[in-house]
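Single-letter residue listing:
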Amino acid sequence: MSEHIAIAEHQGVVEIMIDRADKKNALTAPMYRAMTAALADASARAEIGAVLIAGQGDAFCAGNDLKDFMAGPEGGAAAFDFIRAIAAFDKPLVAAVQGLAVGVGTTMLFHCDLVYAAPDARFVMPFVNLGIVPEAGSSLLAPAVLGHAKAAAMLLLGEPLDAESADRAGLVTAIVPADGLLAHARTKAAALMAKPPQALLATRRLMKGDPAVLIARIEEEARLFRESLSSPEAQEAFAAFFEKRAPVFRRE
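What comes next concerns the included structure.

### Some details on the pattern of salt bridges
Working step 1: One pass over the full model with this rule turns up 14 salt bridges.
Working step 2: Two residues, Arg 45 and Glu 47, come together in a salt bridge whose shortest N-O distance is 2.9 Å.
Working step 3: In this structure Glu 47 comes out as partly exposed when scored by relative accessible area, which is 47%.

If you want it as structure tokens, here you go:
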């Protein structure tokens, strides 16, 4: 387990708290591994009916810790294992989102059933800006949820989506005052626990549909993601990010 992932359990709901507020809850390989293990444990236990994902501090999740991610293959492997785990998770997922939700901080939400956002929530998928491609099935799910035009603005231009726009587009279930966000999400997770469990799980499976298409897209994204990491574009984009300058991309 990771010191930056806190796991709690209350009346059949497992709560995964991303607890690295000083780094805007950016994710490292150990953090991914801890979340993946928590999902596996929750899936295996009949008494667990739902999982709630939240973040400490003023951000939900700033995406990958880029230094950790680029340090070696473990970061990428852990990230993609988490993506596969959350996509395959068979019980309801609830998220409480405040502040920044960047990269996987946004893409994981496409796999959540209920997403509650504070008014300051800001959703960003800057993959193309970094010379890489989307992950977590977001190239498939973002157009399906948001519509092609809004998804294109986020995925091709890297434009952010604020809470109100995300609510209108269907990414967010409801906007909740920041001081009551986590309590509200916990109440909704508890409400799921009160439902007939077999009917609830069957309804969720029907809503999700055939997982084969999503799984295939996640694997295709992963292949292209790994390839793009070593491209000149990604190398320039990451160098510019760490050097705090504008990138210069060559057209040949």
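### What to know about the nonpolar core
Working step 1: Ranked by internal contacts, the top residues of the largest apolar core, which has 64 residues, are Leu 109 and Phe 123.
Working step 2: With eight residues, helix H1 (residues 29–44) is the single largest residue contributor to this core.
Working step 3: Discounting chain neighbours no more than four positions away, the residues touching Leu 109 are Phe 60, Ala 95, Val 97, Val 115, Phe 123 and Leu 171.

### Structural notes on helix H8 (residues 181–193)
Working step 1: For H8, which comprises 13 residues, the first-to-last C-alpha distance of 19 Å matches the rise-based estimate of 18 Å (1.5 Å per residue) to within 8%.
Working step 2: On its buried face, H8 sits against strand S2 (13–18), strand S3 (50–55), strand S4 (93–97), strand S6 (114–117) and helix H9 (197–208).

### Here's the deal with the packing of aromatic side chains
Aromatic ring pairs are reported here in terms of the distance separating the ring centres and the angle at which the planes meet.
Working step 1: In this structure the tally under the stated criterion is three aromatic pairs.
Working step 2: Taken together, a centroid distance of 5.7 Å and an interplanar angle of 45° make the contact between Tyr 32 and Phe 82 tilted. Here Phe 82 lies in helix H3 (residues 73–88) and Tyr 32 lies in helix H1, a separation of 50 residues in the sequence.
Working step 3: Taken together, a centroid distance of 5.4 Å and an interplanar angle of 80° make the contact between Phe 241 and Phe 242 edge-to-face.
Working step 4: For Phe 241, a relative accessible area of 46% gives the class partly exposed.
Working step 5: Directly above the ring of Phe 80 sits Arg 226, whose terminal nitrogen or CZ lies 5.0 Å from the centroid.

### Observations concerning the sheet that holds strand S5 (residues 100–102)
Working step 1: An order of S5-S7-S8 is seen for the three strands of this open sheet, with the pairing classed as mixed. The open sheet has two free edges, formed respectively by S5 and strand S8 (161–162), since each of these has just one partner strand.

### Examining the packing of helix H5 (residues 138–146) against helix H6 (residues 148–155)
Working step 1: Two elements in contact, H5 and H6, have axes separated by 7 Å at closest approach and are oriented at 135°. Considered as vectors, H5 and H6 are oriented oblique to each other. As H5 runs across H6, the sense of the crossing is right-handed. For the pair formed by H5 and H6, the contact residues are Ser 138, Ser 139, Ala 142, Pro 143 and Leu 146 on the first element and His 148, Lys 150, Ala 151, Met 154 and Leu 155 on the second.

### Let's talk about unusual backbone geometry
Working step 1: A positive phi angle, close to 55°, is found at Lys 24, a residue other than glycine.
Working step 2: Inspection of the secondary structure assignment puts Lys 24 in the loop between S2 and H1.
Working step 3: With relative accessibility at 35%, the residue Lys 24 sits in the partly exposed group.
Working step 4: Of note in the backbone geometry, Lys 244 takes a positive phi value of approximately 55° without being a glycine.
Working step 5: Overall, the relative accessible area of 76% leaves Lys 244 in the exposed class.

Thresholds applied
Residues numbered from 1 in each chain as written. Predicted model: local features only at pLDDT ≥ 70, side-chain atom pairs only at ≥ 80, totals over all residues. Heavy atoms only, no water. Salt bridge = Lys/Arg side-chain N within 4 Å of Asp/Glu carboxyl O. Buried < 20%, exposed > 50% of the residue type's maximum accessible area, 1.4 Å probe, protein only. Core = buried A, V, L, I, M, F, W, Y, C linked by side-chain atoms within 4.5 Å. Helix = DSSP H or I, 4+ residues; strand = E, 2+ residues; numbered from the N terminus. Contact = heavy atoms within 4.5 Å. Expected span 1.5 Å × (residues − 1). Phe/Tyr/Trp six-rings, centres within 6.5 Å; stacked < 30°, edge-to-face > 60°. Lys NZ or Arg CZ within 6 Å of the ring centre and 35° of its normal. Pairing = 2+ DSSP bridges. Axes fitted to C-alpha atoms, helices over the stretch in contact; angles between N-to-C directions. Parallel < 35°, antiparallel > 145°, perpendicular 65-115°, else oblique. Left-handed = near helix turned anticlockwise from the far one by under 90°.

Just geometry here; none of it tells us what the structure is for.
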